[in-house]
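# Examination of the molecular architecture
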Protein chains: 2
Amino acid sequence: MRVARIIVALFMVLAVGNGFAAVLPSWNEGASRTAIIGFVEGVTETGGANYLAPEDRIAVFDNDGTLWSEKPAYFQLLFAIDRVKALASQHPEWKEQQPFKAVLENDMEALAASGEKGLVELVMATHAGMTTSEFEEIVTEWIATAEHPKLKRPYTQLVFQPMLELLDYLRDNGFKVFIVSGGGIEFMRPWVQQVYGVPPEQVVGSSIKVKYEMRDSGPVLVRLPEIDFIDDKAGKPVGIHKFIGRRPAFAAGNSDGDLQMLQWTTGGEGPSFGLIVRHTDAEREWAYDRDSHVGRLDKALDEAAARGWTVVDMKADWRKVYPH
Amino acid sequence: MRVARIIVALFMVLAVGNGFAAVLPSWNEGASRTAIIGFVEGVTETGGANYLAPEDRIAVFDNDGTLWSEKPAYFQLLFAIDRVKALASQHPEWKEQQPFKAVLENDMEALAASGEKGLVELVMATHAGMTTSEFEEIVTEWIATAEHPKLKRPYTQLVFQPMLELLDYLRDNGFKVFIVSGGGIEFMRPWVQQVYGVPPEQVVGSSIKVKYEMRDSGPVLVRLPEIDFIDDKAGKPVGIHKFIGRRPAFAAGNSDGDLQMLQWTTGGEGPSFGLIVRHTDAEREWAYDRDSHVGRLDKALDEAAARGWTVVDMKADWRKVYPH
């Protein structure tokens, strides 16, 4: 029996030791890490003033710029560009037609000049007109083979190691984690389980309409060139309400597109946490905020201080950026 | 050590014994119960031909007529009627204005005559114009206090005991259970956790639009008198795809409104199960199918045989109907 007790004690020491090492290891000691851990310990302390029942532990994370990089452009736009090039031989008319001409000539200035209208055309030409299963296959194939133009790595390697640890830390403490992104819901669903440990039904995003059809081969859902929902800015609380149906206790974002999600999450009565990832690391990732076209962080940065949100300084707070 | 082994063996016997007694006890022995158990044992048998990985064990259940009764009218319509009466003093004009006049005079014929247009007016007058939190409170209060006009019981007691057991049985076998109803998503979310063990984020339903607003008191979502999504008929596979993002392996419904959901669920490549609850019990519940205005079961009944769906005969298959 004495041997048994020694073994149990040894296990406990090892467990505690592992626990210590395992909490947010890629985060430097500092105010951000301390605030996160303080919040999580508070809401999980049974009988504590800030205790949250497990069913109220809902966490929402923006994707682009919060869980993975978003430069030189949203990765979904780079996907659309790759798709235009892959489909060009079936569309000889694209050689003379904007925004496709710009894409095929790698003329990013002309592409930008095509504006939101051009962007929507690009998305519809590459994201609609096939069944949902076909689109899933296209995304799965692309994400497995495509490489970032500058960093020459698969996009799924350009996820932030400290944020992966934060997802795990929250889940280990009973949080149910959702992605709430301006990006396309069906662009994310095929790979988020493997990369983030988030199942498809815990993804909220922008969408185009789909239509049910019974074909000779069986039932299909066809993707239509028509916007269904834009999950950005004031659309994020709407999307959260629509898909999740309750107010989160934890929200993480990186841009003004996340402002209303952060307001909504931290504007209730119970304990809550708002987190902003600030891109301050030109060496290891990118540095940008108020003047950036992609991922502009301006109003949300102003509100962060007033509302007590934690602004993560990528350069100072993160021991490493990417998993590699 | 011998004593310990005997205790372990005893526990195993008890566990097996309990397991036997616990599986679908309110279902009579027969083809329906046998088919359900056969399917579940098949998809959970590691290495078996019909094995489904836990993440593919998605089950979807219609609500009205499948999990609870729907006569004399959908319970949500009875809620709307109660709301009109509660709000009538603030709307003197309703005394002369259809469909409100019909409701206030308990003239169900005139109400029916107001058609879909009248129904939408009734829904918008009672479901829109408040914040989402306010609506949640209204539903919570109503569901806790209102009584069924004929059966004189709270509506949450008019759920089907055999179906509650089926939800538990599927969950015990690793299924994630969703409700996919033509009813209002926000009419169901406040009480489905307590009644069905289904959390709010696993409810798919019809919805009206909401709008984010920052008020002096904090952020709110306001319910607008505008339809967002109708989760019925061909809308059900669309809703499933939108909210869940993968094809279910198990679907249960009771009417033609569930036809496309059943087709979609059982029209894929893996093992799947389609179930139809047929209302055959005029004594303990109601008996209706092809000619009913509420919950008409006609086309789906014709397809059931061709597609191998299990048609549950309420009278023959269910030992009891309600929990009481």
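Residues numbered from 1 in each chain as written. Chains lettered and ligands numbered in written order. Predicted model: local features only at pLDDT ≥ 70, side-chain atom pairs only at ≥ 80, totals over all residues. Heavy atoms only, no water.

### As for the overall build of chain A
Looking only at helices and strands, chain A features 13 helices and 8 strands. A compact globule built from 324 residues should have a C-alpha radius of gyration of about 20 Å, and chain A, at 22 Å, falls within 12% of that. In terms of overall dimensions, chain A has C-alpha extents of about 80 × 50 × 40 Å along its principal axes. The 324 residues of chain A split such that 52% are buried. For chain A, the exposed surface amounts to about 14,900 Å²; the carbon and sulfur share of it is 53%. In chain A, the 34 positive side-chain charges and the 45 negative ones have mean positions that sit 3 Å from each other. (Helix = DSSP H or I, 4+ residues; strand = E, 2+ residues; numbered from the N terminus. Rg over C-alpha atoms; globule rule 2.2 N^0.38 Å. Buried < 20%, exposed > 50% of the residue type's maximum accessible area, 1.4 Å probe, protein only. Areas by Shrake-Rupley, 256 points an atom, 1.4 Å probe, with all protein chains shown as cover. Lys, Arg positive; Asp, Glu negative; His and termini not counted. Charge placed at Lys NZ, Arg CZ, Asp CG, Glu CD.)

### Some points on a nonpolar patch on the surface
Residue and element names in this part refer to chain A. Side chains of V120, I227 and I230 sit close together on the surface and give an oily, nonpolar patch of about 230 Å² of accessible area. Secondary-structure assignment places V120 in helix α6 (residues 115-127). Since its relative accessible area comes to 30%, V120 is described here as partly exposed. (Patch = residues over 30% accessible without salt bridge, like charges linked within 9 Å, V, L, I, M, F, W, Y side chains within 5 Å. Salt bridge = Lys/Arg side-chain N within 4 Å of Asp/Glu carboxyl O.)

### Structural notes on the interface of chain B and chain A
At the junction of the two partners, chain B supplies 32 residues and chain A supplies 32 residues. Buried area between chain B and chain A, summed over both chains or domains, comes out near 2,800 Å², and the portion from carbon and sulfur atoms is 57%. In this assembly, chain B and chain A are joined by 6 salt bridges. For D228(B), the salt bridge goes to K242(A), with nearest N and O atoms at 2.9 Å. At the junction of chain B and chain A, the tally comes to 20 residue pairs in polar contact (both at pLDDT 80 or more). Residue assignment for the side of chain B that touches chain A shows that the elements contributing at least two residues are β2 (176-184), α9 (185-196), β3 (203-215), β4 (218-229), α10 (235-243) and α11 (259-266) of chain B. Across the side of chain B that touches chain A, the residue classes tally to 16 nonpolar, 7 polar and 9 charged. (Contact = heavy atoms within 4.5 Å. Buried area = accessible area lost by both parts, 1.4 Å probe. Polar contact = N/O pair within 3.5 Å; in protein donor to acceptor, adjacent residues only side chain to side chain. Nonpolar A, V, L, I, M, F, W, Y, C, P; charged D, E, K, R; others polar.)

### Remarks on the pairing of strand β3 (residues 203-215) of chain A
The side chains of a regular strand alternate between the sheet's two faces. Residues and elements named next belong to chain A. Alignment of strand β2 (residues 176-184) against β3, held across 3 bridges, turns out to be parallel. Bridge pairing links I179 to V203 in β3. Judged from the 8 bridges that link them, β3 and strand β4 (residues 218-229) form a sheet pairing that is antiparallel. By the bridge assignment for β4, S207 is matched with F229. (Pairing = 2+ DSSP bridges.)

### Focus: helix α8 (residues 161-172) of chain B
Along an α-helix, residues three or four apart share an orientation, since each turn contains 3.6 residues. All names here are of chain B. With 12 residues, α8 should cover 16 Å at 1.5 Å per step; its first-to-last C-alpha distance of 16 Å lies within 8% of that length. Extensive coverage of α8 is indicated by the burial of 9 of its 12 residues. When α8 is considered as a whole, its buried residues turn out to be Q161, P162, M163, L164, E165, L166, L167, Y169 and L170. On its buried side, α8 packs onto α2 (31-43), β1 (58-61), β2, α9, β5 (250-253) and β6 (273-280). G174 occupies a position one or two residues after α8 and carries a positive phi of about 85°. (Expected span 1.5 Å × (residues − 1).)

### Things to note about the relation of the copies chain B and chain A
Overlaying chain B on chain A yields an RMSD of 0.0 Å, the required transformation being a rotation through 180° with an accompanying axial translation of 0.0 Å. The symmetry that links the two subunits is that of a two-fold axis. Considering only C-alpha atoms, the residue of chain B closest to the rotation axis is F243(B), which sits at 3.3 Å. When the interface residues of chain B are mapped onto chain A, 100% of them again lie at the interface, so the same face is used by both copies. (Least-squares fit on C-alpha atoms with pLDDT ≥ 70 in both.)

### Quick look at the side chain of T265(A)
Residues and elements named next belong to chain A. In this fold, T265 is placed in helix α11 (residues 259-266). Judged by its relative accessible area of 2%, T265 falls in the buried class. Side-chain polar atoms of T265 contact the backbone oxygen of M261, separated by 2.8 Å.

### Concerning the pattern of salt bridges
Following the criterion strictly, the structure yields 38 salt bridges over all chains and no others. Here the residues in one salt-bridge network are D62(A), K236(A) and D258(A), joined through shared partners.

### Remarks on the packing of aromatic side chains
All names here are of chain A. All chains considered together, the criterion is met by 39 aromatic pairs over all chains. On the basis of an interplanar angle of 75° and a centroid distance of 5.9 Å, the ring pair of W27 and W318 is categorised as edge-to-face. With W27 in the loop between α1 (2-22) and α2 (31-43) and W318 in the segment after α13 (314-317), this residue pair connects regions lying 291 residues apart in the sequence. By relative accessible area, W318 is classed as buried at 1%. (Phe/Tyr/Trp six-rings, centres within 6.5 Å; stacked < 30°, edge-to-face > 60°.)

### Looking at the environment of A73(A)
Residues and elements named next belong to chain A. Its place among the elements puts A73 in the loop between β1 (58-61) and α3 (75-87). By relative accessible area, which is 13% here, A73 ends up buried. Taking the C-alpha atoms as reference, A73 lies 29 Å from P248; in sequence the two are 175 residues apart. Not counting residues within four places of it along the chain, the set of residues in contact with A73 comprises L78 and V294.

### Side note on the confidence of the model for chain A
Residue and element names in this part refer to chain A. Mean pLDDT over chain A: 94, with 94% of residues reaching 70 or higher. Here residues 15-19 is modelled with pLDDT under 50, and outside its nearest four sequence neighbours on either side it reaches 0 contacts, counting other chains as well. Predicted as a complex, the structure gets a pTM of 0.93 and an ipTM equal to 0.92. (pLDDT = per-residue confidence, 0-100.)

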